[in-house]
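Here's the letter readout for the chains.
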Amino acid sequence: MTLQVARTRDEAHLYLDLHPCVCGSVETAWDSGVVDLAGELAACYDGICADCGVERKFVFALPQREVMPEGWPTFGGPEPSQLLDAGEWLWVSDLTAGNVPTDDQNAARQALAMARAAVDEVMKFIPDGHEHVPDHAFWSELGRQVRDAEPARFRRERLEVVRDTYRDLAIDA
């Protein structure tokens, strides 16, 4: 069995939030731990859906090297995600940046930090020496929809401008 790698707890929790229960709810109190699967260690997240009571369980491979958190959020190291594709990361950034609170500076900074970090994750899919995210970096339906709606958003230069804008807005928040 080949498992996708969850590089950090923050990435795993974002993935869980993006994959609701069959009833549509994301309300689950997750328990997590390391498990042994046929001699390989893995991260297991399980819980009961708060809305319908269905048991939910996700198992992820551990990264080859531990990623030390550097602030919040820390989604991963220098390698691209295996859990979320480039389009999903940009969707997360757009959703978060579109819902920045105006009445709470701390919450605004956190939202902008997440939006910025999600753009950084998109950029990890761009190979050195290239200027755009390659087609193979879009494997989910949502990711392909985001790309197809506006492919130019996945150019390195444009992503850098967006990322830097979120950083500057967080400083001013």
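Preceding this section is the structure that the text describes.
Residues numbered from 1 in each chain as written. Predicted model: local features only at pLDDT ≥ 70, side-chain atom pairs only at ≥ 80, totals over all residues. Heavy atoms only, no water.

Before going further, it helps to examine the overall build of the protein chain. Of regular secondary structure, the protein chain possesses five helices and three strands. Structurally, the protein chain occupies a C-alpha span of about 45 × 40 × 30 Å along its principal axes. Looking at the protein chain residue by residue over its 173 residues, the buried ones come to 41%. Taking the contacts inside the protein chain whose residues are at least 6 apart along the sequence as the reference set, 64% of them involve residues at least 24 apart. Split by element, the accessible area of the protein chain, about 10,000 Å² in all, is 50% carbon and sulfur. (Helix = DSSP H or I, 4+ residues; strand = E, 2+ residues; numbered from the N terminus. Buried < 20%, exposed > 50% of the residue type's maximum accessible area, 1.4 Å probe, protein only. Contact = heavy atoms within 4.5 Å. Areas by Shrake-Rupley, 256 points an atom, 1.4 Å probe, with all protein chains shown as cover.)

Grouped together as the largest cluster of nonpolar side chains are 35 residues, with contacts concentrated most on Phe60, Ala86, Trp89, Val122, Val133, Phe154 and Leu159. Sorting the residues of this core by element identifies α1 (9-18), β2 (40-48), β3 (55-61), α2 (86-97), α3 (105-123) and α5 (156-172) as the ones contributing at least two each. Residue contributions to this core peak at eight residues, all from α3. Contacts of leucine 159, omitting those with residues within four sequence positions, involve Leu90, Val119, Val122, Met123, Ile126, Val133, Arg153 and Phe154. (Core = buried A, V, L, I, M, F, W, Y, C linked by side-chain atoms within 4.5 Å.)

Within α1 the residues assigned to the buried category are Asp10, Glu11, Ala12, Leu14, Tyr15 and Leu16. On its buried side, α1 packs onto β2, β3 and α2.

With that settled, the discussion passes to the packing of α2 against α3. For the pair α2 and α3, interaxial distance at closest approach is 8 Å and the crossing angle is 160°. As summarised for this structure, α2 and α3 are arranged roughly antiparallel, according to the angle between their axes. As α2 runs across α3, the sense of the crossing is left-handed. Touching Ala86, Trp89, Leu90, Val92, Ser93, Thr96 and Ala97 of α2 are Ala111, Met114, Ala115, Ala118, Val119, Glu121 and Val122, all from α3. Looking at the contact of α2 with α3, its residues break down into eleven nonpolar, two polar and one charged. (Axes fitted to C-alpha atoms, helices over the stretch in contact; angles between N-to-C directions. Parallel < 35°, antiparallel > 145°, perpendicular 65-115°, else oblique. Left-handed = near helix turned anticlockwise from the far one by under 90°. Nonpolar A, V, L, I, M, F, W, Y, C, P; charged D, E, K, R; others polar.)

Here the idea is simple: oppositely charged side chains can pair when their charged atoms come close. In total, this model carries twelve salt bridges according to the counting rule given. A salt bridge links aspartate 94 to arginine 153; the nearest nitrogen and oxygen atoms lie 2.6 Å apart. Here the residue aspartate 94 occupies a position in helix α2, and arginine 153 occupies one in the loop between α4 (141-149) and α5, the gap between them amounting to 59 residues. Judged by its relative accessible area of 28%, aspartate 94 is partly exposed. Classification of arginine 153 by relative accessible area gives buried; the value is 18%. One salt bridge connects glutamate 150 with arginine 158, and the closest N-O pair in it is separated by 2.9 Å. (Salt bridge = Lys/Arg side-chain N within 4 Å of Asp/Glu carboxyl O.)

Turning our eyes to something else, we now look at the environment of tryptophan 30. In this structure, tryptophan 30 sits in the loop between α1 and β1 (31-37). Spatially, the C-alpha atoms of tryptophan 30 and tyrosine 45 are 6.0 Å apart, while their sequence positions differ by 15 residues. When residues no more than four places from it in sequence are discounted, the contact partners of tryptophan 30 are His13, Leu16, Tyr45, Asp46, Gly47, Arg56 and Phe58.

This next bit is on the environment of phenylalanine 154. Within the element layout of this structure, phenylalanine 154 appears in the loop between α4 and α5. Distance from phenylalanine 154 to leucine 90, taken between C-alpha atoms, is 8.7 Å for residues 64 residues apart in sequence.

Bringing the state of the cysteines into the picture now. Under the defined criterion, the tally for this structure stands at zero disulfides. Note on cysteine 52: no disulfide assigned, nearest cysteine sulfur contributed by cysteine 21 at a separation of 3.5 Å. Judged by its relative accessible area of 38%, cysteine 52 is partly exposed. (Disulfide = S-S within 2.5 Å.)

The next thing to look at is the sheet that holds β3. Across the sheet, which stays open at both edges, the three strands sit in the order β1-β2-β3 with antiparallel pairing between neighbours. Here the strands that pair on one side only, and so sit at the sheet edges, are β1 and β3. Shown here is a sheet whose adjacent strand axes are inclined to one another by a mean of 30°, direction ignored. With seven bridges connecting them, β1 and β2 associate as antiparallel partners. (Pairing = 2+ DSSP bridges.)

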